[in-house]
Amino acid sequence: MPTLTRLIRTLMHSGAFWPAIAATNTPWADLIECKKTVDDYQTIAEQALSGDSPMPGISKIANDNAFMAEYQLAQPIQVQGFSTRRIAFAGNAVLAILDTADAASLARKHGMDIALNTPNKFMASKTVTSGADADGLRQEISLNASTVTTHPGKTLFGCSYKTIYPEDAIEL
């Protein structure tokens with residue numbers, strides 16, 4: 001990675017540029033619909049989840065699901081024809097909490113592979129992008145739709161962004 005890119009990324013992660021980014025509106029809908037990069041996701045997620053310097057326009061709200069952190073946005077966003085102010089982070093994903101229980105329709109619309117479809121739980125995903133860089137790091141971006149019992153009548157729709165490290169780079 002070129003030195004300038006590393007410097008910019010370090011400064012962005014430190015929050016030094018965050019007021020300028022926040023002022024131009026965080027691209028929540030684009031992140032949720034897999035229209036951003038892994039680096040974009042990491043930068044925004046780190047700032048949003050930081051307890052030290054919370055991002056403007058986003059407030060953490062309590063929920064009963066230990067596997068996700070839920071937030072209220074100051075302004076609504078449009079995702080797949082739904083308006084929402086609620087988003088969540090779960091693992092390496094950012095999700096819109098949509099007012100529909102029909103996750104299967106969204107999954108079919110996007111050609112997702114259905115992994116689980118029971119009366120209590122639905123899960124589907126589709127890899128949007130997958131590729132390796134010159135260092136052998138693979139980045140994978142996947143669209144997801146699911147339901148959870150802690151949010152009845154809702155669909156979690158969003159995108160997971162992950163970096164997969166080559167096995168030989170892992171030291172035990």
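### A few points about the overall build of the protein
Helix and strand content of the protein: five helices and eight strands. For the protein, the sequential pattern of α-helices and β-strands runs α-α-α-α-β-β-β-β-α-β-β-β-β. Across the 172 residues that make up the protein, the buried fraction comes to 38%. Taking as baseline every contact in the protein between residues at least 6 positions apart, the subset at least 24 positions apart corresponds to 50%. As presented, the protein carries roughly 9800 Å² of accessible surface, and 54% of it is formed by carbon and sulfur atoms.

### Section: unusual backbone geometry
For Cys 34, which is not a glycine, the phi torsion comes out positive at approximately 60°. Tracing the chain through its elements places Cys 34 in the loop between α3 (28–32) and α4 (38–49). Even without being a glycine, Gln 80 presents a positive backbone phi close to 55°.

### Some points on the environment of Leu 98
Residue placement: Leu 98 occurs in strand β4 (residues 93–98). The sequence separation of Leu 98 and Ser 83 amounts to 15 residues, and the corresponding C-alpha distance is 7.6 Å. Dropping the residues within four chain positions of it, Leu 98 is found in contact with Val 79, Phe 82, Thr 84, Leu 106, Gly 153, Lys 154, Thr 155 and Phe 157.

### Considering the packing of aromatic side chains
Under the defined criterion, the tally for this structure stands at four aromatic pairs. Between Trp 28 and Phe 89, the aromatic rings sit 6.1 Å apart at their centres with planes inclined by 75°, giving edge-to-face as the arrangement. Of this pair, Trp 28 sits in helix α3 while Phe 89 sits in strand β3 (residues 82–90), and the two are 61 residues apart along the sequence. Like Trp 28, the residue Phe 89 is buried in the burial classification. With centroids separated by 5.0 Å and ring planes inclined at 10°, the aromatic side chains of Tyr 41 and Tyr 161 adopt a geometry described as stacked.

### Let's talk about the state of the cysteines
Inspection of every chain in the model, using the stated rule, returns one disulfide. A disulfide bridge connects Cys 34 with Cys 159, and the sulfur atoms are separated by 2.1 Å. Measuring the twist about the S-S bond at about 115°, one finds the Cys 34-Cys 159 disulfide to be right-handed. On the criterion of sequence distance, the pair formed by Cys 34 in the loop between α3 and α4 and Cys 159 in strand β8 (residues 155–164) is long-range, its members being 125 residues apart. There is no split in this pair, since Cys 34 and Cys 159 are both buried.

### Side note on the sheet that holds strand β6 (residues 122–132)
The eight strands are arranged β1-β2-β3-β4-β8-β7-β6-β5 in an open sheet whose pairing can be described as antiparallel. What marks the edges here is a single partner per strand, and that holds for β1 (58–61) and β5 (113–117). Each adjacent strand pair in this sheet contributes to an overall mean axis angle of 25°, direction not counted. For β3 and β4, the ladder comprises four bridges, and the chain directions are antiparallel. Residue pairing for β4: Ala 90 is matched across the bridge by Ala 93.

### A few points about the side chain of Thr 163
Relative to the helices and strands, Thr 163 is located in strand β8. Leave out the neighbours within four places in its chain, and Thr 163 touches Val 38, Gln 42, Leu 137, Arg 138 and Gln 139.

### Notes on the confidence of the model for the protein
On average, the protein scores 82 in pLDDT, and the residues at 70 or more come to 80%. With pLDDT under 50 throughout, residues 1–24 is counted as low confidence; its partners more than four residues away or in other chains account for 21 contacts.

### Some remarks on the pairing of β3
In terms of strand pairing, strand β2 (residues 69–79) meets β3 through seven bridges, oriented antiparallel. Within β3, the residue paired with Gln 78 across the bridge is Ser 83. Hairpin connection, β2 to β3: the antiparallel pair is bridged by two residues, and Gln 80 has positive phi, about 55°. Hairpin remark: β3 followed by β4, antiparallel, with two residues in the connecting loop; positive phi at Gly 91, about 60°.

Cut-offs and rules
- Residues numbered from 1 in each chain as written.
- Predicted model: local features only at pLDDT ≥ 70, side-chain atom pairs only at ≥ 80, totals over all residues.
- Heavy atoms only, no water.
- Helix = DSSP H or I, 4+ residues; strand = E, 2+ residues; numbered from the N terminus.
- Buried < 20%, exposed > 50% of the residue type's maximum accessible area, 1.4 Å probe, protein only.
- Contact = heavy atoms within 4.5 Å.
- Areas by Shrake-Rupley, 256 points an atom, 1.4 Å probe, with all protein chains shown as cover.
- Phe/Tyr/Trp six-rings, centres within 6.5 Å; stacked < 30°, edge-to-face > 60°.
- Disulfide = S-S within 2.5 Å.
- Pairing = 2+ DSSP bridges.
- Axes fitted to C-alpha atoms, helices over the stretch in contact; angles between N-to-C directions.
- pLDDT = per-residue confidence, 0-100.

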